[in-house]
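# An overview of the molecular structure
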Amino acid sequence: MLSSAPHARALIHRPALRESKPRPEAVRVTDLSRVLQLLRDPLSSSLKERQIFILKKVVKQCQRGFLLRDLADIFKILNVCAERVCDHPEYARVLCDLLQICSLPFLKEKASDERSFAAVVTDCVSQMGYLMRIPLPELRQQICSTVIAFYSHDKHQHSSDGLSPARLDYRALMLERSGVSETLVMSLALMEEQLPVKLCLLQTLQILSRSSVNCNLMLRAQAAQKICFHMSEGDPSGELLFRSSEILWNLLENGSRQEVTSQLSSSDCIASLKDAFLHLLLNGFRHHERQLRNDLLVLLSLIAETPGAPLIESGFVKHLTPFITFPELKSHNPLVRNLKLTFKQEDFEMKKLLLNIIVVLSRDLAALQLFREGRVMLALMLLVKPSSSAVRSGRRSWTCRQQEELQLQALSTLSTLAPLMLDEYITCQANTCLLLLLDCCLQDDSFSGQGHGFHSRGGKKAQLRYCVRVLRSVVSAQHEPLRQDLCDQGAIGQLLGVLRRFLGRPEDEDAVALEIQTDCLFLLSVLCEGDVHRKELFGRDGVEVLIQYLSLDAALVFSGLGHNKLLLSTVDCFWSCVVGCFGTEDAFVAGGGVDLLLQLLQRSPRRMLTPLTAVLLELCENPQAVAHLLRWSGERDASAPQLLLHIWRREEEQMGVSRDPHGVIADVKRPIVSRHQDESSSSSSSHDVSAAVRDVSENLRANIYCIFCKLGFEGLSGLSAEDHVTLSIIHRYLDFKVCEVVQEVWSEAAPAVPSDEAALKSVLQVSEAAAESVRSLQQSILGRRQQEELQEERRLYSEIRFTHKQREIAADAWRSYVARTSNYSVLKEFRRLREERSTGEHDTPSDAETQGPPIDKPEPVTL
């Protein structure tokens, strides 16, 4: 004790050695070391008053903040005080004062101090979080205030003594690295009986959760679950619920959403959220309470998306169902008996959230049963039906804008829920309601309705879009009575009316319009497929509509708006609504539909060719269609057989079939086997479909072969030698394919059934002989073409020689004429020779003779 006292007195009564004023703002390292020695020395353990006096002196001298290089000693002093504060409460005030100074920016003497002391700062901030173990409310509140200060802007500037505060982003970075946010989350369990401290701690966590790094640390400590456990505890001010909700939202936005929803999916968390939601729904009347209620409903919706979340077991869905159908349905449920909606924006948002949670919960069969008991389908139909768009008189209700948006969201909900609750859908006469709404959309002269919100962009067009989408979802459910009911109510005619409406308005063509038209064509396909009577109802009016859609420019397929889907839906609609009914087929052929299909086949990309060739094959059952195919002439005067042969060659080139440069069979053992087929057969297992069989459906060759079987392989005019070479392969395609399948069977079954080896070998020999004969035929075709080309070349050279001879004769005649007219002696010699050739005639030459033959019309010369 005697050895430590002089050090203390020296610290307190040190005289000034010079007149220059010492630095009052920060204690020197040696002084802090002596203070630490005083606190730790066993001999000075009884000098409590002096120790507190020295600590107060340190607090007084460090009012501007702690130096970065002094932080290690400062926090050693804090830890010593923390160990004694339980037995000696006098240290609590000093602890709070030192922590309050820690809320000030740390001071640096050099610019490099931040980097040099980064590890020290991180460790010190981490130790500050561990001080939450001390059960003193004022100390815990001060720790929270200090942590919050790390994110606050400071007003300290550089001072004349060279000290400057650490940067704000540096302090935030050190706080994140320290992991103090995780420590604070774990300290929540210590705040059971200290509501003010808990509120202060939640405020701190709310600020810390704005950082993604802190959010990940908090989630590692199960922050979402721990905060949700206590959010429904009694708090008259409502701040506990508000702070907890804000923290959960920050964790969702800045952390891992999957981890947050996983932590909130426990029964206790769902029960806590449910109690908080119901309390705010039934007792919250202020603006911020209604907003908080909606936030909790969104959280519950996110939890509902998590597989296995016990929403049914917790009773949440059962309690929620009466609110979903309110105020459309009257109920005697005590939960909604006294419920009053203000129909303001917050209640409107809640109604939309309730409709959205129906879609989320519809994946659970137990939830569907609760929806049946709660008559949710009837409530949705009351929102959808056209008469509900008007505001009810005499009572408060949704505005026209709100009603329109709720109607669209109810339609969107029905597109998911209706296929799962078909019995309730039929009981509510939903088909009639939807067709009436469809008729209302078409009766308006324009799509000029006012749209609001996400669903209602476009007014009438948006209503039409979602109405058709609901019909598509229910028709796809394979429920024949429902389809028959639609047809009995005239759905086919109404859908054709929708298509005609868009065909007459090319200026309205956008992605939404194309989606509506595609869905309408799909609906017609499903309704008419396999039913001749419905195809007759489709009739000539439907054929005219299809012909207009088949006139679509194939270049629009790449527009990105959805023309590719529209074209595919048109081809599918033709297949389902026209093919198989002779009357509609004849009307399609008479309207030039075959020509349009061939034009599309010529201009469309590869992926569009499969349905087009399949449709042409089905149409070839009609003799009139075959005649049109043979008469058709496309671009560059290409006939239909030439087009099909060109597609066959391009298909084999893409598949990697072995051919020589002239298209002749290169491998007689594998005349039509592709490279891709070899690769798939080597990698497939014994349970997979045979590669040879799978090849039939994976490319266009089988369809082209069948079309030629209808057109015939002989008497096709306009084919070149290359076309005939390709046609010879197509003619034997079926034989080659059968032998290919037999070869696969032999490769698999030969070891097990050796007795059939001779028969299988004979089949393969027949296949090779057929391939050899085809190759010989191809070579003879190429030989004939070569002879024809040689003869054509000779004829051409003969014409060239004749032309040159004529030019030489004309040149000689011209030179003779020039010589006679320019040289009299030559003229006399020419006259003498003529006179000698004459037989006694001595007449003088005429003017025609002296002029000579014309230059541009030489006399004919016989070669």
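Residues numbered from 1 in each chain as written. Predicted model: local features only at pLDDT ≥ 70, side-chain atom pairs only at ≥ 80, totals over all residues. Heavy atoms only, no water.

From N to C terminus, the protein includes 44 helices and two strands. Here the protein, with 863 residues, has 47% of them falling under the buried criterion. Across the protein, the fraction of contacts at a sequence separation of at least 24, relative to all contacts at a separation of at least 6, is 76%. When the accessible surface of the protein is totalled, it reaches about 43000 Å², and 52% of it is carbon and sulfur. (Helix = DSSP H or I, 4+ residues; strand = E, 2+ residues; numbered from the N terminus. Buried < 20%, exposed > 50% of the residue type's maximum accessible area, 1.4 Å probe, protein only. Contact = heavy atoms within 4.5 Å. Areas by Shrake-Rupley, 256 points an atom, 1.4 Å probe, with all protein chains shown as cover.)

Moving on, we come to the nonpolar core. If you look at the biggest cluster of nonpolar residues, it comprises 240 residues, and the most contacted ones within it are Leu251 and Phe371. Apart from residues lying up to four places away in sequence, Phe371 is in contact with Val317, Thr321, Ile324, Ile358, Leu361, Val376, Leu417 and Met421. Core analysis: the second largest hydrophobic core is formed by five residues, Val664, Val725, Ile781 and Leu782 among them. (Core = buried A, V, L, I, M, F, W, Y, C linked by side-chain atoms within 4.5 Å.)

This next bit is on unusual backbone geometry. Cis geometry is adopted by the peptide bond preceding Pro327, which originates at Phe326 and carries an omega value of 5 degrees. One non-glycine residue, Gln222, lies in the positive phi region at around 60 degrees. Secondary-structure assignment places Gln222 in the loop between α12 (212-220) and α13 (223-229). Its identity as a non-glycine residue notwithstanding, Gln429 has a phi of 55 degrees, on the positive side.

A complete count under the given rule lists nine aromatic pairs for this structure. Pairing Phe574 with Phe588 gives two aromatic rings, centres 4.3 Å apart and planes at 35 degrees, and the pair type is tilted. Placement of Phe574 in helix α31 (residues 563-577) and of Phe588 in helix α32 (residues 582-590) is noted, with a sequence separation of 14 residues between them. Exposure class is identical for Phe574 and Phe588. Each is buried. The structure contains a cluster of three or more aromatic residues connected by ring pairs, namely Trp648, Tyr705, Phe708, Phe713 and Tyr733. Sitting above the plane of the Phe522 ring, Arg472 keeps its charged end 4.3 Å from the centroid. One residue, Arg701, lies across the ring of Trp648, its end atom 6.0 Å from the ring centre. (Phe/Tyr/Trp six-rings, centres within 6.5 Å; stacked < 30°, edge-to-face > 60°. Lys NZ or Arg CZ within 6 Å of the ring centre and 35° of its normal.)

Next up on the list: the environment of Gln51. When you line up the elements, Gln51 lands in helix α3 (residues 48-61). Residue class for Gln51 comes out buried when judged on its relative accessible area of 1%. Within the structure, the side chain of Gln51 is placed 3.5 Å from the backbone oxygen of Leu38, a separation counted as a polar contact. (Polar contact = N/O pair within 3.5 Å; in protein donor to acceptor, adjacent residues only side chain to side chain.)

This part covers the layout of surface pockets. What the second largest pocket holds in volume is close to 460 Å³. Lining the second largest pocket are 25 residues, and of these Gly238, Leu241, His279, Leu280 and Leu292 sit closest to its centre. Where the lining of the second largest pocket is concerned, the elements lending two or more residues are α14 (239-254), α16 (267-283) and α17 (287-304). Along the lines of polarity and charge, the residues of the lining of the second largest pocket split into eight nonpolar, nine polar and eight charged. (1 Å grid on protein atoms, 1.4 Å probe; cavity = no way out; pocket = protein on both sides within 12 Å on 5 of 7 lines; lining within 4 Å. Points joined across faces, edges and corners; volume = space filled by probe spheres on them. Nonpolar A, V, L, I, M, F, W, Y, C, P; charged D, E, K, R; others polar.)

So, about the packing of helix α36 (residues 640-655) against helix α39 (residues 701-711). In contact at an axis separation of 10 Å, α36 and α39 are set at 155 degrees when each is read in the N-to-C sense. Taken together, the axis directions place α36 and α39 in an arrangement best described as roughly antiparallel. Read as a crossing pair, α36 and α39 show a hand that is left-handed. Residues Pro641, Leu644, Leu645, Ile647, Trp648, Glu651, Glu652 and Met655 of α36 lie in contact with α39, whose contacting residues are Arg701, Ile704, Tyr705, Ile707, Phe708 and Leu711. (Axes fitted to C-alpha atoms, helices over the stretch in contact; angles between N-to-C directions. Parallel < 35°, antiparallel > 145°, perpendicular 65-115°, else oblique. Left-handed = near helix turned anticlockwise from the far one by under 90°.)

Before going further, it helps to examine the side chain of Thr518. Among the structural elements, Thr518 can be located in helix α29 (residues 511-528). On the basis of relative accessibility, which here comes to 10%, the residue Thr518 falls in the buried class. Sequence-distant contacts of Thr518, that is, excluding residues within four places in its chain, are made with Lys565, Leu566 and Ser569.

Here Glu829 shows up in helix α43 (residues 824-837). Reaching out from Glu829, the side chain makes a polar contact with the side chain of Arg832 at a distance of 2.2 Å.

Once that is clear, we can look at a nonpolar patch on the surface. On the surface, a nonpolar cluster with roughly 280 Å² of combined accessible area is contributed by Leu796, Tyr797 and Ile800. By secondary structure assignment, the location of Leu796 is in helix α42 (residues 757-822). Residue class for Leu796 comes out partly exposed when judged on its relative accessible area of 44%. (Patch = residues over 30% accessible without salt bridge, like charges linked within 9 Å, V, L, I, M, F, W, Y side chains within 5 Å. Salt bridge = Lys/Arg side-chain N within 4 Å of Asp/Glu carboxyl O.)

Before going further, it helps to examine the pattern of salt bridges. Here the structure, examined in full by the defined rule, presents 42 salt bridges. Across the pair Asp70 and Arg69 runs a salt bridge, and its minimum N-O distance is 3.7 Å. One connected set of salt bridges, linked through shared partners, spans Glu652, Arg659, Asp695, Arg701, Lys737 and Glu740.

Take the environment of His88 next. Note on placement: His88 falls in the loop between α4 (71-84) and α5 (91-102). For His88, a relative accessible area of 32% translates into the label partly exposed. With 40 residues separating them along the chain, His88 and Lys48 place their C-alpha atoms 8.9 Å apart.

In this model, helix α26 (residues 460-475) (16 residues) spans 22 Å end to end at C-alpha, consistent with the 22 Å of a helix rising 1.5 Å per residue. Most of α26 sits inside the fold, with 12 of its 16 residues counted as buried. The complete set of buried residues in α26 reads Lys461, Ala462, Gln463, Leu464, Tyr466, Cys467, Val468, Val470, Leu471, Ser473, Val474 and Val475. The inward-facing, buried residues of α26 abut α23 (400-417), α24 (422-427), α25 (430-443), α27 (480-488), α28 (491-503) and α29. (Expected span 1.5 Å × (residues − 1).)

Moving on: the packing of α16 against α17. Between α16 and α17, the least distance of the axes is 9 Å, while the angle of their chain directions is 150 degrees. Considering the relative orientation of α16 and α17, their crossing is left-handed. Note on element contacts: α17 touches α16 through Glu289, Leu292, Arg293, Leu296, Leu297, Leu299, Leu300 and Ile303, opposite Ile270, Leu273, Ala276, Phe277, Leu280, Leu281 and Asn283. Its residues placed into classes, the contact of α16 with α17 shows 12 nonpolar, one polar and two charged.

A separate point is the state of the cysteines. Throughout the structure, instances matching the rule amount to zero disulfides. Of all cysteine sulfurs, the one in Cys102 lies closest to Cys62, which takes part in no disulfide; the gap is 9.9 Å. The exposure class of Cys62 is buried, given its relative accessible area of 3%. Of all cysteine sulfurs in the structure, the one in Cys706 sits closest to Cys709, which takes part in no disulfide; the separation is 5.8 Å. Among the residues examined, Cys709 registers a relative accessible area of 39% and is labelled partly exposed. (Disulfide = S-S within 2.5 Å.)

Right, let's get into the side chain of Ser245. Along the chain, the position of Ser245 falls in helix α14. Using a relative accessible area of 0% as the deciding quantity, one classes Ser245 as buried. If we ignore the near neighbours within four places in the chain, the residues touching Ser245 are Met231, Leu292, Asp295 and Leu296.

Bear in mind that shape data such as this cannot, by itself, settle questions of function.
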